[in-house]
Amino acid sequence: MNIFKKDKRKEIKNETPLERSNTSTSGQSLVKLRVFRINAVQNPNDVPHFDEFQVPVKRWTTVLDALLDAKSYQDSSIGIRYSCRMASCGSCGMKINGIPRLACYTKISDLDTNTITCEPLPNFPYIRDLVTDFSQFFDHHRSVMPFVKNKKADIPNVNELTEYEQTPQDLDKFLQFSYCIKCGLCYSACPTVATDLKFPGPQALSQAYRYLADSRDSDKSKRLKVIDTSHGIWRCHFAGSCSHVCPKGVDPALGIQLLRSHLLGLSNSEKKLAKLHDRSTNSYREGEGE
Amino acid sequence: MLLWRGSIDMTSATSAKRIDDNKNKSDRANREGLRGWLNPIIYGWERVSYWFQRLTGIFLLVYFIGHVYETSSLVSGPDAWAAMLEMTQTIGGHIFLILVIGASTFHTINGIRLIFTHSGQGLGTPGRPDYPYDPTSVNNKQRSGLWIAFILAAVAMLYGANVLFSGGE
Amino acid sequence: MTSDNTGNNRNKNKNTTTKWFSNVTLIRESQIMKIHYITAVGALFVVAIHIMMRLIMPFNMSLEFENVILNYKNVFYALLLESILILIAIHGFNGLRVILLEIRQTQIWERGVNILVIVAMIGIIAYGTRTIIIANGFSLG
């Protein structure tokens, strides 16, 4: 797939490439599935190689369906991580025909080829076959303090706690970024992550913005200190690859640039955000006084 | 999801500490390395911009150092200056200077675009994403800066070629 | 995703936090990058004037020794060249630093890169300034 001509709403044509492809004796279309194989944990010196499987597919078959078919009927030792099969859990991220994608969200008919190459996500250490180690990724995620922290909420008497008021406009400022499913596709597509171990990556940085833009959060300085380092947000060069591969429309590149504009002190929306935040804090105080 | 290192202290500070202490060679396993930088094709125009901006930047820095060294021949008198100038008066020298003109024009115009995008300008505003989830930041509005950079670089190179090969007469 | 010892070692974490933040260098990265952007915009204007000076007369003639020395003898032009030298040295070598920092992340490498670019910046500015000063005082006889 050429991402320059990306059209996910590709119309289903009468004749797809699959229908022109090889067919099995039962009349079903077959595709060649090339699966990356390695067992890095059991044997650190294991040499990676590709195993090939002929898999029957239909128009709606996803790459995950094809992999599970191969695992069920041809080689049960294929290592693959998956859960929801509906692009909600972010478990089945892998490099499919050179681009990081969710296997459950990628239809084989959309790939316009009869050879599907599945590799583990780049920039994540191998565990086995298509399963990679997300420890570093989650370390980066946690390092930006991905939680709402409000000193006023730390009230010993739980009965005194009240809900935070948040307008739909306030919500829209960060809702998009809260849709992140932590699938790691952006992290594997990012050119800076490819070489920089300390760079938080698009996911963590966009999450930093998600909590910064949240009017309920009052502890921004610590989070900004973590990202304003020589390996922090400034190592993003807006290559946009993260947003290209994001399966949920989170648009991490947008979040990172908005966060950077906040650090540069240039963002008008941030000033408005600060005003809104002050207003909500004041109304909270007024509510407290009543 | 599987936590590979078994039970991990999951607080933000210790995560940050772990990242800082990353000395384990296996942590770099499967990182794409410089190959990850030099992959301008499949990720869209912004990746092309990233690649060219970096390449032209390094090229211009090399030229800048060379240019400062070149002009220092002034202090050795007219003969040294003429000898140094002679080096740039060849076809190869002209082509090199034309590349410098193209690189500096591209780096400047695309750099202006990047200053705007880094300031959050021209990227759209956060909203509620809907299928097919086209990201707002990689839009044609900010991309036009990249295309203008390419066009102006080409125009500047043509103008530079005209000046250099005709002596600006 | 679960972990059985989530949120433990709170006291220990305070110490690690202190150590983590104590690694912050003398100048924050945001300040460095603001300088990077400002020098870029500044360089844009001064380099534009520098190039225009080559085009106010036929290009080859503008590069003749006497004409170049006359340029350097103009105090304003000499100051312009000095500002180009400073702005581009800072912008260019900081750009190089950014690229090099992304390649490796060991402490020795990072310190080495920071020292290297500062030395290179000072070196090129000093070398260029020497040319400007000597050319400014050059006698055409």
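Bear in mind that the values here come from a model prediction, so they are computed numbers and not experimental data.

Re the interface of chain B and chain A
Point 1. If you look at the interface, chain B gives 45 residues, while chain A gives 57 residues.
Point 2. Put simply, the parts of the chain that give the side of chain B that touches chain A at least two residues each are helix H1 (12-20), helix H2 (34-37), helix H3 (45-71) and helix H5 (91-118) of chain B.
Point 3. Looking at which element gives the most residues to the side of chain B that touches chain A, the answer is H1(B), with 5 residues.

Examining the nonpolar core
Residue and element names in this part refer to chain A.
Point 1. In terms of nonpolar packing, the biggest core is built from 79 residues, with Leu-33, Ala-66 and Leu-67 touching the most fellow members.
Point 2. Here this core spans two domains, since at least three of its residues come from each of domain 1 (3-132) and domain 2 (135-289).
Point 3. Apart from the residues lying within four places of it in its own chain, the contact partners of Leu-67 are Leu-33, Ile-78, Ile-80, Ala-103 and Cys-118.

A look at the pairing of strand E3 (residues 93-96) of chain A
Residue and element names in this part refer to chain A.
Point 1. Neither face of E3 is open: one carries Gly-93 and Lys-95, the other Met-94 and Ile-96, and all of them are buried.
Point 2. Relative to strand E4 (residues 99-102), E3 runs antiparallel, the two being bridged by 4 bridges. Residue Gly-93 lies in a different strand from E4, and its bridge partner there is Leu-102.
Point 3. Hairpin remark: E3 followed by E4, antiparallel, with 2 residues in the connecting loop; positive phi at Asn-97, about 50°.
Point 4. Pairing of E3 with strand E5 (residues 115-119) involves 2 bridges; the strand directions are antiparallel. Each bridged residue has a counterpart across the sheet, and for Ile-96 the counterpart in E5 is Cys-118.

Some words on the interface of chain A and chain C
Point 1. Each partner contributes to the interface: chain A provides 15 residues, whereas chain C provides 11 residues.
Point 2. In terms of residue class, the side of chain A that touches chain C is built from 4 nonpolar, 6 polar and 5 charged.

Some remarks on the packing of helix H2 (residues 29-53) of chain C against helix H5 (residues 75-103) of chain C
The relative placement of two packed helices is expressed as an angle between their axes plus a distance between the axes.
All names here are of chain C.
Point 1. Following both chains from N to C, one finds H2 and H5 inclined at 140°, their axes separated by 8 Å at the closest point. One way to sum up the angle between H2 and H5 is to call them oblique. Between H2 and H5 lies a crossing whose hand is left-handed. Of the residues in H5, those touching H2 at Ile-32, Ile-35, His-36, Thr-39, Ala-40, Gly-42, Ala-43, Val-46, Val-47, Ile-49 and His-50 are Leu-80, Ser-83, Ile-84, Leu-87, Ile-88, Ile-90, His-91 and Asn-94.
Point 2. Here the contact of H2 with H5 is composed, by residue class, of 12 nonpolar, 7 polar and no charged.

What about the domain arrangement of chain A?
Residues and elements named next belong to chain A.
Point 1. Under the domain assignment, chain A is made up of domain 1 (3-132) and domain 2 (135-289).
Point 2. At the junction of the two partners, domain 1 supplies 15 residues and domain 2 supplies 14 residues.
Point 3. Ranked by residue count, the leading element in the side of domain 1 that touches domain 2 is E4, at 4 residues.

With respect to H3(B)
Point 1. Here H3(B) is 27 residues long and its end C-alpha atoms lie 37 Å apart, about the 39 Å a rise of 1.5 Å per residue gives.
Point 2. Every buried residue belonging to H3(B) is among B:Glu46, B:Arg47, B:Ser49, B:Tyr50, B:Gln53, B:Arg54, B:Thr56, B:Leu60, B:Leu61, B:Phe64 and B:Val68, and all of these are buried.
Point 3. Residues of H3(B) that are buried in the fold lie against helix H9 (241-245) of chain A, H5 and helix H6 (140-166) of chain B together with H5 and helix H6 (107-136) of chain C.

Analysis parameters
Residues numbered from 1 in each chain as written. Chains lettered and ligands numbered in written order. Predicted model: local features only at pLDDT ≥ 70, side-chain atom pairs only at ≥ 80, totals over all residues. Contact = placed C-beta atoms within 7 Å. Helix = DSSP H or I, 4+ residues; strand = E, 2+ residues; numbered from the N terminus. Core = buried A, V, L, I, M, F, W, Y, C linked by C-beta atoms within 7 Å. Buried ≥ 20, exposed ≤ 12 C-beta atoms within 10 Å, placed from the backbone. Domains from an automatic or database assignment. Pairing = 2+ DSSP bridges. Nonpolar A, V, L, I, M, F, W, Y, C, P; charged D, E, K, R; others polar. Axes fitted to C-alpha atoms, helices over the stretch in contact; angles between N-to-C directions. Parallel < 35°, antiparallel > 145°, perpendicular 65-115°, else oblique. Left-handed = near helix turned anticlockwise from the far one by under 90°. Expected span 1.5 Å × (residues − 1).

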